[in-house]
Structures are given as structure tokens and as C-alpha cells.
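Coordinate inspection notes
Here is what each chain is made of, one letter per residue.
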Amino acid sequence: MSQEKSLNTPLLVITGPTASGKTGLATQLSAKINGEIISADSRQVFKRMDIGTGKDLFDYEVDGKKIPYHLIDICNPGDDFNLYLFQKKYAEAVDEIIEKEAVPVLCGGTGLYIEAVTLKGYDEVWIPRNESLREELYSLELNQLLDFYKHLAPNKLEQLEGISHRERSLIRAIEIEHFLKFKPQTDYHPINFKELPTYNFALSIDKETRWNKIEKRLDERLKEGMIEEVEGLLKDIDDKKLRSYGLEYRHITEYLLGECSYEEMRTVLLKSIQQFSKRQMTWFRRMEKKTTLHWVPVEWEMNKKMDFVLEKVQELNF
């Protein structure tokens with residue numbers, strides 16, 4: 001592919017809060033424009049974490065056509081995955097997609113990951129694990145981790161939005177800030193990103209509809225075997241490690257270990273996911289201050305959503 005063609009390839013970003021229908025829109029669009037999905041989800045990288053992370057792989061077949069995807073099922077449960085690895089894998093996926101003369105469609109709800117590859121201002125560097133620091137951090141409770149981060153990086157508190165409830169992400173954030181504060185700049189290893197014309201779209205959904213969809217989806221996933229999924233993972237992963245993978249894995253682990261009843265687990269999990277969706281919306285509103293974000297009403301029919309997206313990039317020849 002020519003350099004000119006590469007630079008004219010658009011990057012479409014489809015994001016929004018949990019349960020808003022991101023994957024469905026992204027895959028339908030991809031089927032129409034020869035697109036390939038790059039997942040912007042911090043947990044869908046893990047194998048065997050299917051129901052709890054909402055992979056919804058059935059959405060990746062549209063009218064009998066399989067939509068290629070990247071950054072899903074690339075790590076084993078228990079492995080570490082961080083922002084740098086996402087940036088590295090993202091850059092590799094973009095190169096691969098452009099080489100095939102397809103269109104990259106970045107889809108997911110992890111705002112930090114999306115901003116890290118679409119906006120300026122993020123350190124595109126390898127920041128190594130600090131095992132001695134991690135040993136200290138693993139002994140801390142969530143509120144203590146928050147205090148640790150706030151003391152370490154008081155001027156970067158906005159980066160806690162969306163991750164303040166997740167131990168694993170907080171530990172990595174502390175590790176990064178510790179490195180930036182105490183290690184020399186010469187330790188950095190930058191990643192080369194292709195700068196593509198980028199169009200950001202987010203699903204717009206009111207609070208009541210969003211919370212109702214979250215409750216319906218939670219009950220569906222519990223029936224589909226989400227508890228059994230966590231039970232299987234517990235056989236191979238330390239329970240503390242599994243809890244760090246997010247709300248579903250934390251609260252279902254508590255239930256399986258007899259720390260709460262089923263009803264208590266469901267009630268707390270539902271409330272936690274609803275609050276998480278609120279934090280996602282806060283992140284997207286903040287993201288609007290840095291870049292243009294086109295909002296797509298969730299109640300629109302799929303064809304209307306796709307027409308809206310394509311009208312925004314109509315000057316590009318797919």
C-alpha cells in the first residue's frame with residue numbers, strides 16, 4: 001500500500017458506556033466499509049473471560065460474513081496486560097489492517113485506552129514492572145491504593161476516572177507514576193503510531209435506559225453461565241488476582257468463596273456496574289474537551305446510526 005493511501009485511511013472510534021450497543025454498531029459498520037475491529041477493552045484480551053467481559057463474539061458475524069477482530073483472546077488468564085502493551089498491540093494491528101487495505105475500527109469502553117492511542121499527551125513508553133513496589137501494593141486495600149496514588153501524583157487525579165474501583169488498574173497506575181517520578185527519561189522506549197484521520201463516535205443513552213439495560217444484561221449473563229465461568233477461573237488463578245479483573249470477577253468470587261449470598265452478590269454487582277457506567281460517561285464528557293466526539297442516540301435504528309457515522313466521513317472514499 002502506498003504511503004498516501006495509508007495516510008488517507010480513517011480510524012473510526014466507536015465507544016460509549018457499558019450495555020449501549022458498541023459492538024453491534026462497530027461490526028455492522030465494518031461489514032459495510034471493509035473494516036476490522038480493534039478491541040479497546042482492558043479485559044477482553046484474556047482468554048476464558050468471555051461472559052464477564054461481554055465479548056459478544058456472535059456480533060462478529062454479519063449476514064454470514066465474519067468480521068476480523070484484534071486484541072481479543074491474546075493473553076492467558078492471570079497474565080499481566082497494561083497500557084503500554086495495549087499501545088504496542090494496537091500499533092501492530094493498525095499496520096496489519098492497513099496492509100490489507102481495510103479500515104481500522106477501534107471499539108470499546110476503556111476510555112484510557114482510547115485516549116492513549118488517539119490523543120496527544122500520553123507517554124508512549126515501556127514502563128517495566130516494579131516487583132518490590134507491587135509486593136507492597138498487593139497488601140493494601142482499595143482505599144489505601146487510592147491514597148497512595150493521590151499522594152504520588154496529586155496533579156493527575158483526573159486519570160483515576162474509570163479505574164478507581166479496580167485494584168489491578170490502580171496498581172499499574174501507581175507503578176507508572178512511580179517510574180515517571182523516580183526514573184530517568186532515557187529509560188523510555190517510544191512506540192511509533194500511524195497518525196490517521198480519526199473520527200470519534202459515542203453511543204448516547206439516558207441514565208434510566210442505561211441502568212435498565214445493565215440490569216437486563218446482568219441477569220442474562222448470570223443465566224448464561226457467568227458464575228460457572230468465574231468458578232472455572234478460580235481453579236487456575238489466585239482469588240486475589242481474579243478479583244482484580246473487575247466488578248463481575250470480584251463480586252462473583254466473593255459469592256463463590258461464601259463471603260456473601262447470591263442475592264447480596266447480584267445487588268452489589270448491579271449497583272457497581274451502574275456506577276461504573278456513570279464514571280464512563282464522566283470520562284467521555286471530559287474527553288470532549290480534548291477532541292470532537294459525535295454522539296449517536298442509542299434509540300436510533302441501526303441503519304440510521306450507520307448513516308450518521310458515514311456522513312461524518314463522507315469525504316473519504318472507502
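Note that this is a predicted model, so its numbers are computed, not measured.

In this section: the overall build of the chain. Per the secondary structure count, the chain includes 13 helices and eight strands. A compact globule built from 318 residues would reach a C-alpha radius of gyration of about 20 Å, and the chain, at 20 Å, matches this within 12%. Judged by the C-alpha coordinates and their principal axes, the chain covers about 55 × 50 × 35 Å. Within the chain, buried positions represent 53% of all 318 residues. For the chain, the proportion of contacts with a sequence separation of at least 24, taken over those separated by at least 6, is 76%. Surface summary for the chain: the accessible area is close to 15300 Å², and the carbon and sulfur share equals 47%. Here the chain contributes 46 positive and 54 negative side-chain charges, whose respective centroids are spaced 2 Å apart.

On to the pattern of salt bridges, then. Scanning all chains against the criterion turns up 23 salt bridges. The shortest N-O distance in the salt bridge between Lys156 and Glu177 comes to 3.1 Å. Of the two residues, Lys156 is situated in the loop between α6 (142-152) and α7 (167-182) and Glu177 in helix α7; the sequence distance between them amounts to 21 residues.

Turning to the nonpolar core, a few remarks are in order. Ranked by size, the top nonpolar core spans 57 residues in total, and within it Phe86, Tyr90 and Leu106 carry the most contacts. For this core, the secondary structure elements donating two or more residues are β1 (11-15), α3 (83-99), α4 (111-118), α8 (207-224), α9 (226-234), α11 (247-256) and α12 (262-287). In contact with Leu106, other than residues within four places in its own chain, are Leu11, Leu12, Val13, Ile14, Ile38, Ser39, Ala40, Phe86, Tyr90, Ile114, Val117 and Thr118. Core analysis: the next-biggest nonpolar cluster, separate from the first, contains 25 residues, Ala26, Tyr60, Cys107 and Ile205 among them.

Okay, the sheet that holds strand β5 (residues 69-70) next. Overall, parallel pairing links the six strands, which are arranged β5-β2-β6-β1-β7-β8 in an open sheet. Single-partner strands in this sheet number two, and they are β5 and β8 (294-297). As defined by bridge partners, strand β2 (residues 35-39) adjoins β5 across two bridges and the pair is classed as parallel. The residue of β5 that forms the bridge with Ile38 is His70. Seen against the sheet, helix α13 (residues 302-312) touches β1, β7 (198-204) and β8 and runs at an angle of roughly 165° to β8.

Within the UniProt annotation, "binding site: substrate" (unreviewed entry) is assigned to Thr18, Ala19, Ser20, Gly21, Lys22 and Thr23. Note that Thr18 resides in the loop between β1 and α2 (22-33). Residues in contact with Thr18, not counting those within four places in the same chain, are Arg210, Ile214, Arg217, Ile273, Ser277 and Gln280. With respect to the helices and strands, Ala19 occurs in the loop between β1 and α2. Ignoring sequence-local partners within four residues, the contact set of Ala19 consists of Lys213, Ile214 and Arg217.

In this fold, Lys100 is placed in the loop between α3 and β6 (103-107). Taking the C-alpha atoms as reference, Lys100 lies 9.9 Å from Asn34; in sequence the two are 66 residues apart.

Every buried residue belonging to α13 is among Lys305, Met306, Phe308, Val309 and Leu310, and all of these are buried. Of the surrounding secondary structure, the elements contacted by the buried residues of α13 are β1, α2, β7 and β8.

Our focus in this paragraph is α7. Relative to the 22 Å expected for 16 residues at 1.5 Å per residue, α7 spans 22 Å between its end C-alpha atoms, a close match to the ideal helical length. Buried residues dominate α7, accounting for twelve of its 16 residues. The complete set of buried residues in α7 reads Glu167, Arg168, Ser169, Leu170, Ile171, Arg172, Ala173, Ile174, Glu175, Ile176, Glu177 and Phe179. Elements in contact with the buried residues of α7: α5 (131-138), α6, α10 (239-243) and α11.

Below, the discussion takes up the pairing of β8. Within a regular strand, side chains alternate between the sheet's two faces. Alternating positions in β8 separate into two faces, His294 and Val296 on one and Trp295 and Pro297 on the other, with burial throughout. Alignment of β7 against β8, held across four bridges, turns out to be parallel. What sits directly across from Leu203, in β8, is Val296.

Moving on to empty space enclosed by the protein. Scanning the model with the defined rule gives one cavity of 30 Å³ or more in all. Together, Ile51, Gly52, Ile214, Arg217, Leu218, Arg221, Met226, Glu248 and Ile273 line the largest cavity. Of all the elements, α8 adds the most residues to the lining of the largest cavity, at four residues. Counted by class, the lining of the largest cavity contains five nonpolar, one polar and three charged residues.

As a further point, take the side chain of Arg221. With respect to the element layout, Arg221 can be found in helix α8. The class for Arg221 is buried, based on a relative accessible area of 8%. Those residues in contact with Arg221 that sit more than four places away from it in its chain are Ile51, Gly54, Asp56 and Met226.

The rules behind the values
Residues numbered from 1 in each chain as written. Predicted model: local features only at pLDDT ≥ 70, side-chain atom pairs only at ≥ 80, totals over all residues. Heavy atoms only, no water. Helix = DSSP H or I, 4+ residues; strand = E, 2+ residues; numbered from the N terminus. Rg over C-alpha atoms; globule rule 2.2 N^0.38 Å. Buried < 20%, exposed > 50% of the residue type's maximum accessible area, 1.4 Å probe, protein only. Contact = heavy atoms within 4.5 Å. Areas by Shrake-Rupley, 256 points an atom, 1.4 Å probe, with all protein chains shown as cover. Lys, Arg positive; Asp, Glu negative; His and termini not counted. Charge placed at Lys NZ, Arg CZ, Asp CG, Glu CD. Salt bridge = Lys/Arg side-chain N within 4 Å of Asp/Glu carboxyl O. Core = buried A, V, L, I, M, F, W, Y, C linked by side-chain atoms within 4.5 Å. Pairing = 2+ DSSP bridges. Axes fitted to C-alpha atoms, helices over the stretch in contact; angles between N-to-C directions. UniProt positions renumbered as here; feature names shortened; annotations may be inferred. Expected span 1.5 Å × (residues − 1). 1 Å grid on protein atoms, 1.4 Å probe; cavity = no way out; pocket = protein on both sides within 12 Å on 5 of 7 lines; lining within 4 Å. Points joined across faces, edges and corners; volume = space filled by probe spheres on them. Nonpolar A, V, L, I, M, F, W, Y, C, P; charged D, E, K, R; others polar.

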